[in-house]
Each structure stands twice: as C-alpha cells, then as structure tokens.
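This is what each chain is made of:
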Amino acid sequence: MLHSIQANGKKATREGFGDGLLEIGRQNPDIVALCADLTGSLKMHKFAEAFPERFFQAGISEANMMGIAAGLATGGKIPYTGTFANFSTGRVYDQLRQSIAYSHKNVKVCASHAGLTLGEDGATHQILEDVGLAKMLPGFTVINPCDYNQTKAATLAIAEHQGPVYLRFGRPGWPVFTPEDQPFEIGKAVLLAEGSDVSLFATGHMVWQAVEAAKNLAGEGISVELLNIHTIKPLDEEAVLESARKTGAVVTAEEHQRYGGLGDSIAQLLARRLPRPQEYVAVNDRFGESGKPLDLLNKYGLGVADIEAAVRSVLQRRATSHSTH
Amino acid sequence: MAEISKLKDIASQVRRDIIWQTFLAQSGHPGGSLGCADFFTALYFEVMKHDPAFQMEGKGEDVFILSNGHISPGWYSVLARSGYFPLEELATFRKINSRLQGHPATHEGLPGVRVATGSLGQGLSVAIGLALSKRLQGDQHTVFALTGDGELQEGQIWEAAMFGAHHQVDNLLVTVDWNGQQIDGPTHEVMALGDLPAKWRAFGWEVLEMNGNDMPAVVDTLSRAKERLGGGKPVVILMRTEMGFGVDFLEGSHKWHGVPPNEEPQYRALAQLTETLGDFPRPALS
C-alpha cells in the first residue's frame, strides 16, 4: 500500500481551494465569497470573474470581512472568506468567536499561507497557532487537507456542512498524491498505509513528509501505519484508537506549534481512553523565519528525518515500558 | 401612522421594563437603555415592517441589529411587547437558564435576535452582510442597526463604514446613539469622537441628525432617512440622546451606564414613569 503512494507532480493546495471554489460556485447559487485584498494569492479570481455579483472585495479589513460574512450567512448565503491563515484567526479571533461561532453562523473561513511553508515572508505571516485557535471555538470544524486534490474536495464538501468551518491550506507547490475527484468525508481519517509497529498521524503538508518517512522506515524493517487526519476537529477518535490499540506507539506530525495542534488533540484522546507513548513532530514553542519551505521544515524539526527519529524514539519508549512491566 | 401619544405611552412602559429588568437582575445597563427607549419604540411600533413570527433569515421584512448589545433591556422590552416572546420572560433577564442573556445572543434561540453582540464594533459589519444578502435576493426591505457612540472608537466600525460606501449598500439605515457617555466618563474625556457628522460624510454616508428623546422627531427623522435609501449611499442618523432619559437622577451621567438601581432608587425611578400598558408579570419578591 505504501509503495503505491506516488506523487503526480506538484501543485499548491491553495490552487485546489481556488478551483474548488469555482466549482462549488457553479453548483450552488447560495455560495458567496469575500476576500481581503488577496484574491490572487488565494486563487479566488476565478470565482470573482465567473460570479462578480457574488464576490465581495473587503479590502484590507479582515475583522469587517468576518462580520459581513456572518451577516450574509444570517441572510441564508454560504460565505467563503479568503485571506492568509494569520489574518483568518489571530487577527479576527473575537469576530470568529462572537459573530460566527457563538452565533452559529454558516461561514467557511478559508485560510491560505499557513505554517512555515509560507517561506520567505517570514514569521510575521507564518502562523503556527491557527489550528489551536480555531479548534478551541465551540462548534468550529477544523480541516487541514494534504494536497491539491484533497483541498479541492474539501472546498466542495464544506458547503454541505451546516456550521462554521476553518479550512487551512498553504502556499507552496506540493506533491499531489491523493486521487482526483475523491470523496471527502468531514471527520473521517484516511488510512494511507496499514502497518503494525507504529501509528503515524499526520495532517496537511506533513502527510507527504510522513509518506516519505514511512517508506524510508520500511527499508529498515519498521512497519508504519499511516493515517491522514485531514479533519482535526471533530477528530476521528475511533480510527485513532483502533490504530493506537494495534501498534501501541504513536507519532503525530503537523505544521503547527506543539501546543494546541493535532498532536494535543490525539494526546488528549489517548490520555482519556488509551494511554500510549506518543512523540510530537511539531514546532516547539518558537517562531519561524524567512527561507525556503523545505529548508524551514528541516530547521524547525519537521523534516522527513525528524519524523523517522520520532518513530525510532517512540518505539524505544514502548520497548522500555514493556520491559519494566 | 400610530399616534405620537400612543408611542410615548409605549416608551414609558419600555422604560419601566428596563428599570424592572435591571432591578430584578441587580445587573445590567439601564443608562443607555433608557436613552434609546424612544428609538426602540418608534422602530418596532412604527417604522419597521417586521414579523414577530421570527425567522432567522428575515426574508421579506425589515431587520434590526443591535451592535451595542449592552442596552439589551430596552430591546428585549420592545421585542416582548411586539409579540416575539412572552412578557413574563423579561423577569428572567440575566438569570441562569434564561434566553435573555446579559448581551443579546442567538445561542438560546431568543426570537428577534439574529447575531450575538456585546463585544463592541461588530454589529455594523453583520448588518452590512445582511443588507448584501437582501440585495442578492432582490428583497427591497431595509436593514436597521444601532451602535453606541463610544463604540465608534472600535476600528472595525470604520472598516465597515468604508465598505458600506464602497459597495453602495443603500438598503442600510444605521443610527448612532450619541449620548456622549461611556463607562469611564464623557466621550470627550475618554477618547474624543471629533466632528462626527463630518467623519461619516467623509466616509461617503448620507448623514442626518435628530433628538432621540423627542418622539415626533424620531418618527419623522427615521421616515425621512428611509426616503434617502436607494440613492447609492448608506444612511446614518446621529441621534442625540440623554443617557438615563426619563428618570431625572439617572439622566446625563455615565455613573449609571452599567449599574442597576437597588430598591430605593428603583422605586424613585418607577415613580417617574407612568405604567401605561401594565408591568410585566414577575415572580413574588421574597
């Protein structure tokens, strides 16, 4: 299963969002879109050109954009807001909280340029806290798809979901390895490879890193079970527990702070239901910096080799805990 | 058109409702609520075409967003007296298990409320979004909104003001409660608002002014403002009010912004307000 996962070129996840938005706009006349002066970056120009009357340029005023989206949702529309992840969460947190989450508004907060792989713009824009911020809001669904095809599928799927969604994606060209026109089920983990030694739960861009790590580890005789956790909230608890029960060792991988991200959601679940040793591949309480995406992932502990090291480490811990019993 | 005297009677009862709600809760914001009682009354009993058989989307009717959510007691009173929910529910204001939250919310399903407000500066944007949805649906009705004047210190208000003009949101009628007071003192001491009419005009809005505590002026100005809609610009009414209007010892002072009357002032306040429609039913006081 693992060796059959192959990249079919590279494409940015934000392109998947732009193409998905155009397609859902064609399918559903209630879809409207708003953008805060980043139409090109978010690839929203296709929607804007096809449906000018349903597209609202908000200028550089993200707080206002979120409020207007809440109002459009109140009137029965399905608004998709587009700006960088940084400006989709931290900058507008009170608007997300009061006007959207607490008010149960059906707004799709679509956030590009998340994480270190934003690259050269540096730490001001490389938000690594957005998943934590979004998932703490009651009622918010949090989705971080892994490649172009999956981002496009998620962009379509969230229109069918009644309630606020945080859809996170990124800037760089990234390997495309999931099927075209795939079904996307919110809250349902995707088993990419069965394995027996360790459960590797990855989200977003880190899923491809995890694929590469799992292939390398297979060469060492380590059998990795790899799950793509595209929906961080609600977490597919049964899939996580089933895999963790089987392997007894867990590694999580995400382009986010260690505090508050996917790893914490899984650790919380395991602590409640099935305590098992876990290693985090995540940014450890630091800000990023300017640089090339892959160089940054490597520098901040999110490289393929870091995932492999985390797997070896958790296997060692599991062996130690077994021997002390 | 309802007779002015009838509207004044309703406003007097709304003021009694405000005193009773904040007294029973021993909590809440009577000052701004009293100041806006005439506006709320004119809006719900004369100006707006609205249906108390509430539906969230507000299709085919006028809708109202209260951006300065802390003056909820005044709004709750006109909603209840318009038939959105039973009058006796006013006695649950700010109490546990109530739909009448301290600041308006949709979460408990209170009819009449379309978005949570309280954290200031957000309601104007939501009102604009609602106005855009009406435009997309070909619905000719109006979106009304009220903001505080201290609330204009929030940057989001001016983001929304710019958006409203740029996108020619001309089915939107905003009123600013210009009482010159905020929690920490008079606005000119806390954070001067400057020349408000000039500011709104510079942002591309039609600007009207009125005395919000003079019922004929309120009704007249709101209807004149409605006539200006559809002209490519959003409309704002800068409404001069007296915080605490109707109760002499509450008037004009920020001290009662967020302080409810206790027993002695409560009875002094009620003594100044005619019970015109009957106070809302209350559980027996212990």
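Residues numbered from 1 in each chain as written. Chains lettered and ligands numbered in written order. Predicted model: local features only at pLDDT ≥ 70, side-chain atom pairs only at ≥ 80, totals over all residues.

Draft legend 1. Structural detail: the sheet that holds strand 10 (residues 198-202) of chain A. All names here are of chain A. Across the sheet, which stays open at both edges, the five strands sit in the order 9-11-10-13-14 with mixed pairing between neighbours. The open sheet has two edge strands with one neighbour each: strand 9 (190-193) and strand 14 (278-283). The sheet shows a mean angle of 25 degrees between the axes of neighbouring strands, taken without regard to direction. As defined by bridge partners, strand 13 (residues 250-257) adjoins strand 14 across five bridges and the pair is classed as parallel. Residue pairing for strand 14: Ala-253 is matched across the bridge by Val-281. In the packing of helix 8 (residues 206-219) onto the sheet, the strands contacted are strand 9, strand 10, strand 11 (224-228) and strand 13, and the crossing angle to strand 11 comes to about 170 degrees. Contacting strand 10, strand 13 and strand 14, helix 10 (residues 262-273) crosses the sheet at an angle of about 145 degrees to strand 13. (Pairing = 2+ DSSP bridges. Helix = DSSP H or I, 4+ residues; strand = E, 2+ residues; numbered from the N terminus. Axes fitted to C-alpha atoms, helices over the stretch in contact; angles between N-to-C directions. Contact = placed C-beta atoms within 7 Å.)

Draft legend 2. Just the sheet that holds strand 7 (residues 235-240) of chain B, in detail. Residue and element names in this part refer to chain B. Reading across from one edge, 1-2-3-7-6 is the order of the five strands in this open sheet, with parallel pairing throughout. The sheet is open, and its two borders are formed by strand 1 (63-66) and strand 6 (206-211), each paired with just one other strand. On average, each strand axis in the sheet is inclined to that of its neighbour by 20 degrees, with strand direction left out of account. Bridge count for strand 2 (residues 143-148) against strand 3 (residues 172-178) is six bridges, and the pairing is parallel. By the bridge assignment, Val-143 is partnered in strand 3 with Leu-172.

Draft legend 3. Fine view of the interface of chain A and chain B. Facing 23 residues of chain A, the contacting portion of chain B comprises 27 residues. The set of elements that each furnish at least two residues to the side of chain A that touches chain B consists of helix 3 (62-74) and helix 5 (93-101) of chain A. The leading source of residues in the side of chain A that touches chain B is helix 3 of chain A, at nine residues. Of the residues contributing to the side of chain A that touches chain B, the split by class is eight nonpolar, 13 polar and two charged. (Nonpolar A, V, L, I, M, F, W, Y, C, P; charged D, E, K, R; others polar.)

Draft legend 4. Region of the structure containing the packing of helix 1 (residues 4-25) of chain B against helix 3 (residues 37-47) of chain B. Residues and elements named next belong to chain B. Interaxial distance between helix 1 and helix 3 falls to 9 Å at its minimum, and their mutual angle equals 125 degrees. Judged by the inter-axis angle, helix 1 sits oblique to helix 3. Every pair of crossing elements has a handedness; the one defined by helix 1 and helix 3 is right-handed. Contact residues: helix 1 offers Leu-7, Ile-10, Ala-11, Val-14, Arg-15 and Ile-18, while helix 3 offers Ala-37, Asp-38, Phe-40, Thr-41, Ala-42, Phe-45 and Glu-46. Across the contact of helix 1 with helix 3, the residue classes break down as nine nonpolar, one polar and three charged. (Parallel < 35°, antiparallel > 145°, perpendicular 65-115°, else oblique. Left-handed = near helix turned anticlockwise from the far one by under 90°.)

Draft legend 5. Region of the structure containing helix 3 of chain B. Counting buried positions over the eleven residues of helix 3 of chain B gives nine, a clear majority of the element. Listing the buried residues of helix 3 of chain B in full gives B:Ala37, B:Asp38, B:Phe39, B:Phe40, B:Thr41, B:Ala42, B:Leu43, B:Tyr44 and B:Val47. (Buried ≥ 20, exposed ≤ 12 C-beta atoms within 10 Å, placed from the backbone.)

Draft legend 6. Structural detail: the pairing of strand 3 of chain B. Residues and elements named next belong to chain B. With seven of its seven residues buried, strand 3 lies for the most part within the structure. Side chains Leu-172, Val-174, Val-176 and Trp-178 project from strand 3 onto one buried face, and the interleaved Leu-173, Thr-175 and Asp-177 project onto a second face that is buried too. Following the backbone out of strand 2, through helix 6 (residues 155-166) and into the adjacent parallel strand 3, one traces a crossover that is right-handed. With six bridges connecting them, strand 3 and strand 7 associate as parallel partners. (Right-handed = clockwise from strand over helix to strand, strands pointing away.)

Draft legend 7. A look at the domain arrangement of chain A. Residues and elements named next belong to chain A. According to the domain assignment, chain A consists of domain 1 (11-175) and domain 2 (190-324). Computed over C-alpha atoms only, the centres of domain 1 and domain 2 are separated by 26 Å. When residues of the side of domain 1 that touches domain 2 are traced back to their parent elements, those giving at least two are helix 6 (130-135), strand 6 (141-143), helix 7 (148-157) and strand 8 (173-175). (Domains from an automatic or database assignment.)

Draft legend 8. Structural context of the environment of A:Glu160. Among the structural elements, A:Glu160 can be located in the loop between helix 7 and strand 7 (165-168). Sequence separation between A:Glu160 and A:Ile78 is 82 residues, and the spatial gap between their C-alpha atoms is 9.6 Å.

Draft legend 9. Broad picture of the packing of helix 9 (residues 237-247) of chain A against helix 10 of chain A. Residues and elements named next belong to chain A. Where helix 9 meets helix 10, the closest approach of the two axes is 11 Å, and the angle between their N-to-C directions is 65 degrees. In terms of orientation, helix 9 lies roughly perpendicular with respect to helix 10. Relative to helix 10, helix 9 is oriented so that their crossing is right-handed. Mapping the contact onto sequence places Glu-237, Val-240, Leu-241 and Ala-244 in helix 9 and Ile-266, Leu-269, Leu-270 and Arg-273 in helix 10. Looking at the contact of helix 9 with helix 10, its residues break down into six nonpolar, no polar and two charged.

Draft legend 10. Spatial organisation of the pairing of strand 10 of chain A. Residue and element names in this part refer to chain A. With five of its five residues buried, strand 10 lies for the most part within the structure. Residues Val-198, Leu-200 and Ala-202 of strand 10 are buried on one face, and the alternating residues Ser-199 and Phe-201, pointing to the opposite face, are buried as well. With five bridges connecting them, strand 10 and strand 11 associate as parallel partners. Each bridged residue has a counterpart across the sheet, and for Val-198 the counterpart in strand 11 is Val-224. The parallel pair strand 10 and strand 11, bridged by helix 8, forms a crossover whose chirality is right-handed. As judged from the four bridges shared by strand 10 and strand 13, these two strands associate in the parallel manner. Bridging from a neighbouring strand, Ser-199 pairs with Val-250 of strand 13.

Draft legend 11. Examining helix 5 (residues 123-136) of chain B more closely. Residue and element names in this part refer to chain B. Helix length check: helix 5, at 14 residues, gives a terminal C-alpha distance of 20 Å against a target of 20 Å (1.5 Å per residue), a fit within 8%. Counting buried residues in helix 5 gives twelve out of 14 residues, a clear majority hidden from the surface. Among all positions of helix 5, only Gly-123, Leu-124, Ser-125, Val-126, Ala-127, Ile-128, Gly-129, Leu-130, Ala-131, Leu-132, Ser-133 and Lys-134 are buried. Phi turns positive one or two residues past the end of helix 5, at Gly-138, with a value near 70 degrees. (Expected span 1.5 Å × (residues − 1).)

Draft legend 12. Spatial organisation of the confidence of the model for chain B. Averaged over every residue, the pLDDT of chain B is 96; residues scoring 70 or more account for 99%. Both scores are given for the predicted complex: the pTM is 0.97, the ipTM 0.96. (pLDDT = per-residue confidence, 0-100.)

Draft legend 13. Here's a closer look at unusual backbone geometry. Residues and elements named next belong to chain A. A cis amide bond, omega 0 degrees, links Lys-233 with the succeeding residue Pro-234. Relative to the helices and strands, Pro-234 is located in the loop between strand 12 (231-233) and helix 9. If you check the backbone angles, His-104 has positive phi at about 55 degrees while not being a glycine. Looking at the element boundaries, His-104 is found in the loop between helix 5 and strand 5 (108-112).

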